[in-house]
Number of protein chains: 2
Amino acid sequence: MAEADSAAGRIVTAGLVVIGDEVLSGRTKDRNTGYIAEYLTNIGIDLVEVRIVGDREDAIVEAVNALRARYTYVFTTGGIGPTHDDITADSIGAAFGVPVDVDPRARAILEARYAGKVEITPARLRMARFPAGAEPIANPVSGAPGFRIGNVYVMAGVPAVMQAMLDEAAGTLSTGRRMLSRTIELRLPEGAIGDALAAIQKAHPGVLIGSYPSFDETGFLTRIVLRARDESLIAPALVEVAGLDGKS
Amino acid sequence: MAEADSAAGRIVTAGLVVIGDEVLSGRTKDRNTGYIAEYLTNIGIDLVEVRIVGDREDAIVEAVNALRARYTYVFTTGGIGPTHDDITADSIGAAFGVPVDVDPRARAILEARYAGKVEITPARLRMARFPAGAEPIANPVSGAPGFRIGNVYVMAGVPAVMQAMLDEAAGTLSTGRRMLSRTIELRLPEGAIGDALAAIQKAHPGVLIGSYPSFDETGFLTRIVLRARDESLIAPALVEVAGLDGKS
């Protein structure tokens, strides 16, 4: 599918690295990807690629380095807790080739949070370890911060914590011209409209036209999604797609 | 986290490529990754990496070629329908460097399915296009088959269809020694057990120990998951993890 004319506005892109053996084993069903995808779309950032990797430093380094060279921003989720299998900070340090050590700001956040309640064990102090040059991302839910280094935003895997960190990070992001989206539902199978739809796509190269079929007891339902950064590009294509309903 | 001793049994690995702009825009929440991850784990295949890419040939080719060189099997979902945005067959052909054309077996399947009901339009015939050398994967749900070429299994994106194709494909897969998994739930925050858990992991290098925190109105809940291919490796580590409950 041809990309819409980038002259229509500045394009800001993102990659996402989901980190966790539990997602790859199927034990945990990842909900962060869908949330982040929708969130970024809504603020005018195009999520272009997602990689899900296990708790292995080589895999994390490879994915982060591949994506941070390609996209405006990279987000990661998972692996920043207090246990031995939380290796994201060390892996990001390795990806950037910088040392990782306890950050005094992060330590102060933990000390304020835990003061008089629990001891800051070596395990808890792991959550204050940042790669050199990283800036904290506040965590209003449970205290222990994420961090940003370069164009990479490192967030928790627990959905409620990740969502709060993404809100914190969002204020610092440059955003592009938002991709607009219109959906038409047709009570037809894809096969009945495929040829006509291809002709409409060809006639409207500035619009990304996607076709998503489903079916249930009531029959076929095909959702046609038209996307562009300019409403005036979508409108005429939308009229043509709507006209398919009476044709088959 | 150290990989369990591979001498404990043959390791069969897999990569997954999820194809679709609609997943990256957040419009569709991908449910296939979680299903496939759990399915493969249950039959003794380790899912090692997932990549989600858009409907772009260069992105699909790169992901498929990277993963098929690394893992025993690669699965793909999405992009094999009848519309112009279904470019997976052509992209897989490009990845393997082979031509793509209508496959007589796939065409016969569609003809039998549609006979006397609907016309086989050029759009519908797109679903019979296979890269040279591919073998069909039956689709008992809606007819149009997926295909296998080399170690790459190309399946639909609609969950019900994908699941049926995975069942069809599973009979042809070599499987390894299954990764066993035991979970213990502790009503403690991760930070309270992190140091002791790290010592247990160090003492049991043949067991992969993961720690997954959550919290709700009733307090902290940390799930400790112990994985290995040999039950006799898990059992003694499990006793030690269970003993953490009274310590903090």
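Residues numbered from 1 in each chain as written. Chains lettered and ligands numbered in written order. Predicted model: local features only at pLDDT ≥ 70, side-chain atom pairs only at ≥ 80, totals over all residues. Heavy atoms only, no water.

What follows is about the pattern of salt bridges. If you walk through the whole model with that rule in mind, you get 28 salt bridges over all chains. Taking the shortest distance from any N to any O, the salt bridge between Arg227 of chain A and Asp21 of chain B comes out at 3.6 Å. Of this pair, Arg227 of chain A sits in strand 11 (residues 219-228) while Asp21 of chain B sits in helix 1 (residues 21-24), placing the two residues on different chains. There is no split in this pair, since Arg227 of chain A and Asp21 of chain B are both buried. Here Asp46 of chain B ties to Arg229 of chain B by a salt bridge, and the two come within 2.4 Å at their closest N and O atoms. One end of the pair, Asp46 of chain B, is in strand 2 (residues 46-53); the other, Arg229 of chain B, is in the loop between strand 11 (219-228) and helix 9 (231-242), and 183 residues separate them in sequence. (Salt bridge = Lys/Arg side-chain N within 4 Å of Asp/Glu carboxyl O. Helix = DSSP H or I, 4+ residues; strand = E, 2+ residues; numbered from the N terminus. Buried < 20%, exposed > 50% of the residue type's maximum accessible area, 1.4 Å probe, protein only.)

Take the interface of chain B and chain A next. Contacts between chain B and chain A engage 58 residues on the former and 59 residues on the latter. Regarding the contact of chain B and chain A, the summed buried area is about 4800 Å², with carbon and sulfur atoms giving 56% of it. For the interface between chain B and chain A, the tally reads 8 salt bridges. Applying the counting rule to chain B against chain A returns 20 residue pairs in polar contact (both at pLDDT 80 or more). At the level of elements, helix 1, helix 2 (32-42), strand 2, helix 3 (57-70), helix 6 (122-125), helix 8 (190-203), strand 10 (208-216) and strand 11 of chain B are the ones that each hand at least two residues to the side of chain B that touches chain A. Looking at the side of chain B that touches chain A, the element that brings in the most residues is helix 8 of chain B, giving 8 residues. (Contact = heavy atoms within 4.5 Å. Buried area = accessible area lost by both parts, 1.4 Å probe. Polar contact = N/O pair within 3.5 Å; in protein donor to acceptor, adjacent residues only side chain to side chain.)

Limitation: the analysis is restricted to geometry and does not speak to function.
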